[in-house]
Amino acid sequence: MGNSQSPAPNHRFNSASRAFTPKELEDLKSLFTSLAAQSQTNGQYVSSSVFQAYFGLKGPLGDRMFDLATQGRKDDKLTFEDLVITKGTYVKGTNDEIEEFIYRLLDVTDDEILTRSDLESGLVTMFDHIFHLKGSQPEPSLRCYMVETFLNAATFSKDHEGRNDKSMSFKDFRCWCTLVPSVKKFLSNLLVPPDPGRPGSQIPKLLHSENIDPSILLLRDEYAWYIGGALSHEEIEEWKLLYHSSLNGLSFNTFLGNISNDDGRTVLIIKDREGYIFGGFASQPWERHSDFYGDMKSFIFQLYPVASIFRPTGANNNLQWCAANFSSETIPNGIGFGGRINHFGLFISASFDEGHTFSCTTFNSPCISKTSKICPEVIECWGIVIKGVEQEKADVVKGTVLERFKEDRHMLNMVGIANASE
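Here the structure is a predicted model, which means the values were calculated and not measured.

Overview of the sheet that holds strand 8 (residues 334-340)
Reading across from one edge, 7-8-9-10-11 is the order of the 5 strands in this open sheet, with antiparallel pairing throughout. Strands with a single pairing partner mark the edges of an open sheet, and in this sheet they are strand 7 (320-323) and strand 11 (373-374). Two strands pair when backbone bridges link them, and strand 8 and strand 9 (residues 343-349) are joined in this way by 6 bridges, in the antiparallel orientation. By the bridge assignment, Gly339 is partnered in strand 9 with Phe344.

Let's talk about the sheet that holds strand 2 (residues 238-244)
With mixed pairing, 7 strands are arranged side by side in an open sheet as 1-2-12-3-4-5-6. Edge positions in the sheet fall to strand 1 (205-207) and strand 6 (308-310), since each of these pairs with one other strand and no more. Geometrically, the sheet is characterised by an average inter-axis angle of 25 degrees between neighbouring strands, direction not taken into account. Inspection of the sheet shows strand 3 (residues 266-272) paired to strand 4 (residues 277-282) by 6 bridges, in the antiparallel sense. What sits directly across from Ile270, in strand 4, is Phe278.

Quick notes on the packing of aromatic side chains
Under the criterion given, the structure shown has 25 aromatic pairs. Where Trp286 meets Phe337, the ring centres are 5.4 Å apart and the plane angle is 85 degrees; that geometry is what we call edge-to-face. Highlighted residues: Trp286 in the loop between strand 4 and strand 5 (299-304) and Phe337 in strand 8, separated in sequence by 51 residues. What makes Trp286 buried here is its relative accessible area of 9%. Phe337 gets classed as buried once you look at its relative accessible area, which sits at 1%. Through successive ring pairs, a cluster of aromatic residues spans Phe51, Tyr54, Phe55 and Phe66.

Examining the packing of helix 2 (residues 22-38) against helix 3 (residues 48-55)
Contact pair helix 2 / helix 3: the axes reach a minimum separation of 9 Å and the direction vectors enclose 125 degrees. The angle between helix 2 and helix 3 falls in the class oblique. When you trace helix 2 past helix 3, the crossing you get is right-handed. Contacts from Leu31, Leu35 and Gln38 in helix 2 reach Val50, Tyr54 and Phe55 in helix 3. Partitioned by chemical class, the residues of the contact of helix 2 with helix 3 number 5 nonpolar, 1 polar and no charged.

Notes on the pattern of salt bridges
Pairing between side chains of opposite charge can happen when the charged atoms of each approach one another. Per the counting criterion, the structure on display carries 18 salt bridges. Across the salt bridge formed by Glu234 and Arg265, the nearest N and O atoms sit 3.8 Å from each other. With a gap of 31 residues between them, Glu234 in the loop between helix 11 (221-228) and strand 2 and Arg265 in the loop between helix 13 (252-259) and strand 3 connect regions that are remote in the sequence. By relative accessible area, which is 39% here, Glu234 ends up partly exposed. When salt bridges that share partners are traced, they join Arg64, Asp67, Lys74 and Asp110 into one network.

A word on the pairing of strand 3
Counting buried positions over the 7 residues of strand 3 gives 6, a clear majority of the element. In this antiparallel pair of consecutive strands, strand 3 and strand 4, the connection spans 4 residues, and Gly275 shows a positive phi of 90 degrees. As paired elements, strand 3 and strand 12 (residues 376-385) share 7 bridges and run antiparallel to each other. Across the sheet, Val267 pairs through a bridge with Trp382, a residue of strand 12.

What counts as what
- Residues numbered from 1 in each chain as written.
- Predicted model: local features only at pLDDT ≥ 70, side-chain atom pairs only at ≥ 80, totals over all residues.
- Heavy atoms only, no water.
- Pairing = 2+ DSSP bridges.
- Helix = DSSP H or I, 4+ residues; strand = E, 2+ residues; numbered from the N terminus.
- Axes fitted to C-alpha atoms, helices over the stretch in contact; angles between N-to-C directions.
- Phe/Tyr/Trp six-rings, centres within 6.5 Å; stacked < 30°, edge-to-face > 60°.
- Buried < 20%, exposed > 50% of the residue type's maximum accessible area, 1.4 Å probe, protein only.
- Parallel < 35°, antiparallel > 145°, perpendicular 65-115°, else oblique.
- Left-handed = near helix turned anticlockwise from the far one by under 90°.
- Contact = heavy atoms within 4.5 Å.
- Nonpolar A, V, L, I, M, F, W, Y, C, P; charged D, E, K, R; others polar.
- Salt bridge = Lys/Arg side-chain N within 4 Å of Asp/Glu carboxyl O.

Structure follows, in structure tokens:
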């Protein structure tokens, strides 16, 4: 991190410029001119306060971003060349370059050692920013709770002479990014004007009946934002509650019945008697099968006490499982993800009162609860609302009813009683 000598700024500028089209460079120049005018510097440079205000950056992350953008000069002067070089690396760079930039960004103390304290500072700033855009702020205790679950997923393996604590190596950081993709998505999009739709900042709108007490729900905005980091933009607009065991009972049949009207993607969340919270994203409808099915968009996750997402590795196609009313012991009734029969990555039996979780190659995931045996306390399922698809469904239902009404009136007209009640 910063051990090799950097090329001269003019060489870096020339190299970075080639990553942009002439129109993009023109737009960057216009942006720089506007920000420099706001900085009252006769168009020469952009100040830290104007830079951070424009991009919605605050706190240690904002200060560190400006420091990196100005090549560590500590002169409070961002030049046009600085802006192009930073955007060229952070926005237009390779995945390795972007991850190295973020790794350096999180080193908020600029001592080339990424500690747990650095990471905690960055996460606190991140949560404040995301929920400020939404127009709300989580309780301080809840924010600490969320930060802790993210920190619990991190590994600090790098030793330093004269220090008792270990730091996060670049390899540790890259592994952490795969487990918490929402963090990487957020930190990869800081040089975009802030709004609730900025990649990495979107929080799905959670839809449920008004008479439901929100305190009984497992899925909160913080969890929805975190899970949404592994999904596409269209999948994180609205999620609607389809099933909750406290409202509908711990019933497999009720579960299948409630979600049968929603043939799309779902988020399954479970809290067991040990207090662990985990689940999975099902990219295909929950339908009765005698074997595994699904596609590589599915994944399983942990929410508490560790926040981690485990995506398919491609080792096998054992993505989703949904079996009902089979009498064979080789086809266990219930729902699950990954692994193999009777040794799933996550499985809840059709009785909905027990299940299991084992390490599996499907997702390269560990046991995601305290022990391999699961005793569910709460189970809930949310449907992903895809706006275009929902409208098409409504149109189909409406068209079907109208056509049926026309056919009925035609039949009544044929027998001469269509207007009898008019």
